[in-house]
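An overview of the molecular structure
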Amino acid sequence: MTERREILLDLLLFVTALSLALWQRDDGHSIVWGMWLSSLLIGYTYIVSSILRWVAAMYRVGGGMFLFGLVNGLFLLGFFTIHFGGFHLGHAIFLNEFFPIPVAAERQGLFLDPQQYLWVVKEYWWFLLIVLVSDRHDLLGQRAPLPQEPQSTKTAMSKMNLMKPYAKVVRLHILIFVFAGAQALQWSEAFVLVIIHAAYFLPWRRFYRLLKPHKAATSATVPSE
């Protein structure tokens, strides 16, 4: 029943996001910039919480490991702040070419004007909340085991998986190509929005896990020749 409740919640999120997009007669802006915003904020939250979790584990391990964990944590925080955050800020320039932000502003060096980023937050905060619930297991679910003794720190550190949020960036790139192809084929915007929202929000893995026992039971009842 828990699995089915999770599926129902994800279906509700899918219907909610799609309904809002269709109601706004969205041309791709909401889901593209909403995905960009959620990828940046939720992904960075995942990275920071993982690092803090690691540093706290080093404090509990003791034996002088806290200083080791703190130094490594600060290095990782600085690296991913520049790499992950800077990548998204720069990536916004690329997105702005396909889905222009309707704010009169000039480029600030390599990045967009702060007013343009602020516009995205004001316009698509609702999409961020929907994705936050949709990605609930990424932030609240089980993560790699923490070290319990000094000898296990290197193994545990290698399993932190701080690259996990980058998968959402890949999905965003694929989405852009899907929109570009749909425009070239002159598909209706409503049809494209259904496809994209289904790919983004529907719990396909949960569907598979729910149907897997049924398939196994069906195959077991079929008599062998």
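As shown above, the structure is provided for reference.
Residues numbered from 1 in each chain as written. Predicted model: local features only at pLDDT ≥ 70, side-chain atom pairs only at ≥ 80, totals over all residues. Heavy atoms only, no water.

A look at the pattern of salt bridges
Taken as a whole and judged by the stated rule, the model has three salt bridges. Here D10 ties to R136 by a salt bridge, and the two come within 3.2 Å at their closest N and O atoms. With D10 in helix 1 (residues 2-23) and R136 in helix 5 (residues 136-140), the pair connects residues that are 126 residues apart, well separated along the chain. Residue D10 is classed as buried on the basis of its relative accessible area of 5%. Across the salt bridge formed by K168 and D135, the nearest N and O atoms sit 2.8 Å from each other. Note that K168 is positioned in helix 7 (residues 166-185) and D135 in the loop between helix 4 (114-134) and helix 5, a separation of 33 residues in sequence. Using a relative accessible area of 10% as the deciding quantity, one classes D135 as buried. Here the residues in one salt-bridge network are E6, D10 and R136, joined through shared partners. (Salt bridge = Lys/Arg side-chain N within 4 Å of Asp/Glu carboxyl O. Helix = DSSP H or I, 4+ residues; strand = E, 2+ residues; numbered from the N terminus. Buried < 20%, exposed > 50% of the residue type's maximum accessible area, 1.4 Å probe, protein only.)

Thoughts on the environment of G43
Within the fold, G43 resides in helix 2 (residues 29-61). Spatially, the C-alpha atoms of G43 and L162 are 9.3 Å apart, while their sequence positions differ by 119 residues.

As for the side chain of D113
Note on placement: D113 falls in the loop between helix 3 (65-98) and helix 4. For D113, a relative accessible area of 13% corresponds to the buried category.

Observations regarding a nonpolar patch on the surface
A cluster of nonpolar residues, Y59, F66, L70 and L74, forms a patch on the protein surface that exposes about 420 Å² of accessible area. For L74, the position within the fold is in helix 3. Residue L74 is classed as exposed on the basis of its relative accessible area, which comes to 54%. (Patch = residues over 30% accessible without salt bridge, like charges linked within 9 Å, V, L, I, M, F, W, Y side chains within 5 Å. Areas by Shrake-Rupley, 256 points an atom, 1.4 Å probe, with all protein chains shown as cover.)

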